[in-house]
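Per-entry structural report
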Amino acid sequence: MARGQLRVYLGAAPGVGKTYAMLSEARRRCERGTDVVVGYVETHDRPRTEALLDGLEIVPRRRLTYRETEFTELDTAAVIARAPAVVLVDELAHTNVPGGGHAKRWQDVDDILDAGIDVISTLNIQHLESVNDVVEQITGVAQRETLPDEVVRRADQVELVDMAPEALRRRMAHGNVYRPEKVDAALSNYFRVGNLTALRELALLWLAGKVDEQLDRYRADHGIVGTWEARERIVVALTGGPEGATLLRRATRIAARSKGSDLLAVHVARGDGLTGARPKDLARQRQIVEGLGGTYHQVVGDDVPRALLDFARGVNATQLVLGVSRRGRFAQLLRPGIGVTTTARSGSIDVHMVTHDQARRGVPRPGREQGVSVSRRLSGFLLALFGLPLLTYGLLAARPAITLPSDILFFLAAVVAIALVGGMWPALVTAVVGFLLLNWYFTPPVHKLTIAEQENLIALAVFVLVGVGVSIVVDRAARRSREAARLGAEAEVLSTLAGDVLRGEHALDAVLRRLRETFGLTSVTLLERPAADEGWRIVATVGGRPCATPGEGDAEIPVGDDLTLAIRGRPMPAGDRRVLEAFAVQAAGALRQQRLRAEAEKARPLEAADRMRTALLNAVSHDLRTPLASAKAATDSLSSTSIAWTDEERAELLDTARQSLDRLDRLVANLLDMSRLQAGVLGIAARPLALDEVVPRALDDLGAGDVSVLLDTDLPEVEADPALLERVLVNLIANALRHSPPGGPVLITASPIRDRVELRIADRGPGIPPRERERAFLPFQRLGDRDNHTGVGLGLALARGLTEAMGGELIPEDTPGGGLTMIVSLPVHSTGGRKPDDAGPRGR
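Values in this document were obtained by computation on a predicted structure and should not be read as measured data. (Residues numbered from 1 in each chain as written. Predicted model: local features only at pLDDT ≥ 70, side-chain atom pairs only at ≥ 80, totals over all residues. Heavy atoms only, no water.)

**Brief notes about the sheet that holds strand S2 (residues 36-40)**
Pairing between the strands of a sheet comes from backbone hydrogen bonds, and it takes one of two forms, parallel or antiparallel. With parallel pairing, 6 strands are arranged side by side in an open sheet as S3-S2-S6-S7-S1-S8. Taken across any chain shown, the strands that pair with only one partner, and hence form the sheet edges, are strand S3 (57-58) and strand S8 (157-161). One ladder, built from 6 bridges, connects strand S1 (residues 6-11) with strand S7 (residues 118-124); its direction is parallel. When the bridges of S7 are listed, Leu6 appears paired with Val119. Packing of helix H1 (residues 18-31) onto the sheet brings it into contact with S1, S2, strand S6 (86-89), S7 and S8, and relative to S7 it is tilted by some 160 degrees. (Pairing = 2+ DSSP bridges. Helix = DSSP H or I, 4+ residues; strand = E, 2+ residues; numbered from the N terminus. Contact = heavy atoms within 4.5 Å. Axes fitted to C-alpha atoms, helices over the stretch in contact; angles between N-to-C directions.)

See below:
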């Protein structure tokens, strides 16, 4: 079964008439006898839209209940069972009610299309996924219902329902879009003229892109290669030379003359990949292209004019911008340049030849690399020097058994052998000397530089030509082999470098060290110049004596205007600069990453302090206000002369005020102690201290009731600050009382262990899971209670900080049978313990 066709009415905003246009199309098709049904249409209570529904068959909607509310949705199964020719489905981006099948309405439409039914639908531009964030930025309204662009791009027809912003606002003012009570708010917010204009432009541009795709598909389907000037597309040919920036800016000015034109830059690379422009120059020109709003492309081809024109015709370009040839006049007379050839073949594409500063200055040629090494060339010359006389002597001794043709073949074999050993120049010398030796000793008349027979002349000429040809071929093969080996090594180095990046090995010293090891350099230095009028300074260096300025090195690789990589050890050939530039770019990236990490480390304490300050303000805002409010209410009541309080009521109010002020006093003391701890200025006056002296004082401070204390009287004295230890115990006991259930007393015990005394405060509360225990010691943290309504959350944090400041430890453990035990471990006083006054534990 053939798939149905989808037609979408696209609008820039609600109210432009998409549903009206869809219903009008449905009525026209009905009049032509087409079977049309309404699957889902939302009229928004607009009378003119509702009037168009009269006479159209409506497929009943499906009813769904979600969170005790009834909704209606498109009944996809009923539409497919009805099998009309065309079905109307409004609001293509709609999100279906959960539990009804597909999550999105466009997925229901896909099922209908698969059933061979044509669908007509509607959509606003803000519901397309690709422009959703842009629409939110323009209007300030986030659209939660979106659909992929590809759904609409696959549509067989997309028709724009357009309306000027002023006309749409008039429709709204007349009440044709929203109910009267919503009009003023809509006109003042979403439906402002600027918003509507921007949305209209988005819709037009998106539809223009789809039209381009349709045009390209049509041209490809019909084999059309000629240029159709439906839209200006300017292609700039880049060689990587210094004239590239001039060409790009000129092409940008040409593109600016036509609204909506495209700028494309293309570089043609050689097919063998062995030669070409410097990657760094092309990368810089690529940045210029993208900065000017264009796109960069690279194609491969040995015939540059053909590759340029194939690319231009492939993108339906209308204009092509080329630079005037850099070759001299004589070179242009011998062979037409790329510009002349491209212009001759361009056909309907306009070609602009742009002059520039480098015109006719000649093409810079890189130094020609020798195919073989110096030692091999020297060996070739030595072989020719000694081998040719020996070969001549041997051939003379073998006469008359060996004739002139055989002599020529032997000399040709010598040329080939010397070419294989020493390359082109020794072989050329061998061919010339061999020609003279053959002429003098073996060609009649002998011992004269004349040739009597024409046949011998031809044979010797062929010998020279074959020798020269073999020499050139061998030299070129050696050069290609060397280039391929160098490129293979370069690829291996770059692959290793890329692997380091992927593995996260970005350390600056590691990058410089790898560069030094790869090329066997003496030193590698990264230099930085913060400003143009300042000197260079060393950022990082490895190896021997560093370079203080770029000029001190054997080579320098700039990385932007303020960074350069200077190397010392040996001059670097031009072929290695690509690898050096890759190392330089990674070194710059490693430097930036190193500095960002340092900045992040500096910001981390500030961030932590800011978080703590924010948490402190949030928490203290409640905890200061509550006791103050209670104390103020109690004192105001006591000072009132209109009420006669009994003695019992007066005592209760005084007790309330006292408890509130005590709570406030503890809170302020905790805050002061925590600030001293964090500032490192907490004064500690440690001395020998008996636990049975400090524990009762802490209980008295709390006024705690349900606490059992079992302390042995022969416990050794501990080394601690009495006031700080009392604060620790007050916070720990208060925390235990807060979490203990009714009838579950807090138990305080102590026991000596080696050179320490462990004071245990056990409760029968819910306890703390092991994985959450460290979090419970953070300031302003309450496990499971982030609003801090029961306290600032400083108790445990302060207790641990004070304990550690006195040289002790605070360790949480599970209470046997359930609950939490806080262990305060303190060092024993070095002079020993006290004499027991009496035996047995003391209770409270």
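**A look at helix H14 (residues 338-345)**
All of the buried residues in H14 are Gly339, Thr341 and Thr342. Across the axial projection of H14, the buried residues extend over an arc of 165 degrees, all falling on one side. H14 presents Val340 and Ala344 as exposed residues on the side facing more than 90 degrees away from its buried surface. Buried positions along H14 lie against helix H12 (304-314), strand S12 (319-323) and strand S13 (350-354). Once H14 finishes, Gly347 follows within two positions and takes phi at roughly 65 degrees, a positive value. (Buried < 20%, exposed > 50% of the residue type's maximum accessible area, 1.4 Å probe, protein only. Arc of directions from axis to C-beta.)

**A word on the pattern of salt bridges**
Counted under the stated rule, the structure contains 22 salt bridges. Of the charged contacts in the structure, one is a salt bridge between Arg82 and Asp35, with a shortest N-O distance of 2.9 Å. Of this pair, Arg82 sits in helix H3 (residues 76-82) while Asp35 sits in the loop between H1 and S2, and the two are 47 residues apart along the sequence. Take Asp35: its relative accessible area is 29%, and that puts it in the partly exposed class. Linking Asp110 and Arg154 is a salt bridge whose minimum nitrogen-to-oxygen distance equals 3.7 Å. Linking Asp110 in helix H4 (residues 105-114) with Arg154 in the loop between helix H6 (149-153) and S8, this pair joins segments that are 44 residues apart in sequence. According to the relative accessible area criterion, Asp110 is buried, its value standing at 18%. Among the charged side chains, a network of salt bridges with common partners joins Arg7, Glu25, Arg28, Arg29 and Glu159. (Salt bridge = Lys/Arg side-chain N within 4 Å of Asp/Glu carboxyl O.)

**Description of the environment of Ala657**
With respect to the helices and strands, Ala657 occurs in helix H22 (residues 647-679). The exposure class of Ala657 is buried, given its relative accessible area of 7%. Put simply, Ala657 and Lys632 are 25 residues apart on the chain and 7.5 Å apart in space, counted from C-alpha to C-alpha. The contact partners of Ala657, leaving out residues within four places of it in the chain, are Ala631, Ala634 and Thr635.

**A short note on the confidence of the model for the protein chain**
With 79% of its residues at a pLDDT of at least 70, the protein chain reaches an overall mean of 77. Per-element confidence in the protein chain is highest for S6, whose mean pLDDT is 94, and lowest for strand S25 (residues 841-843), whose mean pLDDT is 43. Confidence over residues 363-369 falls short of pLDDT 50; this stretch has 8 contacts with residues more than four positions distant or in other chains. Counted against residues more than four places away or in other chains, residues 832-844, with its pLDDT under 50, gives 28 contacts. (pLDDT = per-residue confidence, 0-100.)

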